[in-house]
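# Examination of the molecular architecture
These are the residues of each chain, in order.
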Amino acid sequence: MVELVGIINININPVLVDTGGFELTWHGLFTAVGIALGVWLAVRLARRARISEDDAMSIAVVSVLSGIVGARLLWVLEHTDQIHKVGDIFALTDGGISIYGAMIGGVLGGFLFVTFFKPKFPKWVALDVAAPGMILGQAVGRFGDFVNGEHFANASDLPWAFRYTHPLTDGPWSSPGVDEWYRGSRGLVDEAPVAVHPVAGGYEPILDFMILGGLFLLRRLGVGAGWGFTFYVFAYAVVRGSLSLLRTDEAALAGALSVPQLLAIVTAVAAVWMALHLRRHQQAPVPTGVTTERHTHRGSRRGGLGRG
């Protein structure tokens, strides 16, 4: 199903299970697995940071739900041409989602929940705990794009370029002299599919795991609370904004900038602002579950936010 001949030929049915009344796609499966793993990691890190499991689960549930809303809402705003009736807005099983929308919606929902219902909760600690889970979920969820290839990219003859050959794939199909990307179901089945950069299903999950590694390194270094989340926001902005240069399915919004590129700039600026704020207001390190007498004593003086 995956053949390595000069380039990577992918001939996988994007639909994993289809019983007639129920359809499960690889994309849906990896999205669900990504959410589950992200919540698991966030709750595990929350326990080490002395956050109760009940609090962690409450925040996680709110963040996941608000993330789903944000993911769908931003996709709808980016693809208004595909919305013909009100019901199309809520057609999650038939429509797409935006990773950036999930990120923004999840963070905003969790932050508002903590602000209004748990005002004394250590917000920077909560954000640092959430960041590894979020990027893990994003990385795993992107493996679904490896199968369905729905995110079109520039043509490439590199050895690791992807060519989608299954007739039901959402991947890009093209032929010389044709400007639009299309699928075989559009009457051009005799044309050879073009190999493209593996942007969403290859480059992005690899870079996401590198961000995850950076977050764990920052935890080991014992940096102050907030720096992990700030690193996550800035690093993902760089990754997403850069990969957009290889994408061909993102309409320009402001001049030559696409919606993801514009959001990458906004979130990068927000990360810089957070970094300046954290430099002015030093935060104690996030507890990591490593207990020493000196660290425990320091944590007790600082309201339990010290490394312990």
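Structure first, text after, so check above.
In every chain, residue numbers begin from 1 and rise along the written sequence. Two thresholds apply to this predicted model, a pLDDT of at least 70 for residue-level local features and 80 or more for giving and counting side-chain atom pairs, whereas whole-chain, interface and lining totals are computed over all residues. The side-chain values count all of the structure's non-hydrogen atoms but skip hydrogen atoms and water molecules.

Let us now look at the packing of aromatic side chains. Only rings of Phe, Tyr and Trp enter the pairing, Trp through its six-membered ring, and a pair is recorded when the two centres are within 6.5 Å. The plane angle decides the type: under 30 degrees is stacked, over 60 is edge-to-face, the rest tilted. Taken as a whole, this structure holds eight aromatic pairs when the rule is applied. Ring centres of Phe30 and Phe143 lie 6.1 Å apart, and the angle between their planes is 55 degrees; this geometry places the pair in the tilted category. Here the residue Phe30 occupies a position in helix α1 (residues 26-48), and Phe143 occupies one in helix α6 (residues 143-148), the gap between them amounting to 113 residues. Here's how the labels work: a residue is buried when its accessible area is under 20% of the maximum for its type, exposed when over 50%, partly exposed in between, all with a 1.4 Å probe on protein chains only. The exposure class of Phe30 is partly exposed, given its relative accessible area of 22%. On the accessibility criterion, Phe143 (32% relative accessible area) is partly exposed. Ring geometry for Phe113 against Phe117: centres 5.3 Å apart, planes inclined by 35 degrees, an arrangement best described as tilted. Note on conventions: DSSP H or I runs of at least 4 residues are helices, E runs of at least 2 residues are strands, and numbering of each starts at the N terminus.

Strands are treated as partners if at least two bridges between them are detected by DSSP. Sheet topology note: the strand β3 (residues 15-18)/strand β4 (residues 23-25) ladder contains three bridges and is antiparallel. Bridge assignment links Val15 to a residue of β4, and that residue is Thr25. Hairpin connection between β3 and β4: a loop of four residues separates the two successive antiparallel strands, and Gly20 in this loop has a positive phi of roughly 100 degrees.

This part takes up the side chain of His27. With respect to the helices and strands, the residue His27 is situated in helix α1. Taking relative accessible area as the criterion, His27 reaches 17% and is therefore assigned buried. For the purposes of these results, a polar contact is taken to be a pair of N or O atoms within 3.5 Å, where, inside protein, one atom must be able to donate a hydrogen and its partner to accept one; residues adjacent in sequence count only when each atom of the pair is a side-chain atom. Looking at His27, its side chain comes within polar contact range of the side chain of Asp145, at 3.3 Å.

A few words now on the pattern of salt bridges. Between side chains of opposite charge, a pair can form when the charged atoms approach closely. Salt bridges are identified by distance alone: a Lys or Arg side-chain nitrogen within 4 Å of an Asp or Glu carboxyl oxygen. Per the stated rule, a full pass over the model turns up four salt bridges. Here Lys118 and Asp55 are joined by a salt bridge, their closest N and O atoms 2.8 Å apart. Of this pair, Lys118 sits in the loop between α4 (99-117) and α5 (123-141) while Asp55 sits in helix α2 (residues 53-78), and the two are 63 residues apart along the sequence. Judged by its relative accessible area of 21%, Asp55 is partly exposed. Ionic pairing is found between Glu204 and Arg142, a salt bridge with its closest N-O pair at 3.1 Å. With Glu204 in helix α7 (residues 199-221) and Arg142 in the loop between α5 and α6, the pair connects residues that are 62 residues apart, well separated along the chain. Using a relative accessible area of 0% as the deciding quantity, one classes Glu204 as buried.

In this section: α1. A helix's residues, less one, multiplied by 1.5 Å, set its expected span. In this model α1 runs 33 Å from its N-terminal to its C-terminal C-alpha over 23 residues, within 8% of the 33 Å that 1.5 Å per residue would give. Immediately downstream of α1, the backbone of Arg50 shows phi near 65 degrees, a positive value.

What follows deals with the nonpolar core. By size, the foremost hydrophobic cluster in this structure holds 51 residues, and its most contacted members are Ile51, Tyr100, Ile211, Tyr232 and Tyr236. Put simply, the parts of the chain that give this core at least two residues each are α1, α2, α4, α5, α7, α8 (227-243) and α9 (259-280). Among the elements that take part in this core, α5 stands out by supplying 10 residues, more than any other. Pairs of residues are marked as contacts when any of their non-hydrogen atoms sit within 4.5 Å. Those residues in contact with Ile51, other than ones at most four positions away along the chain, are Ala46, Ala56, Phe121, Val125 and Val129. Remark: nonpolar core denotes a set of buried residues (Ala, Val, Leu, Ile, Met, Phe, Trp, Tyr, Cys) joined through side-chain atoms within 4.5 Å. Grouped together as the second largest cluster of nonpolar side chains are six residues, Ile8, Ile10, Val147 and Phe162 included.

Nothing here speaks to function; it is all geometry.
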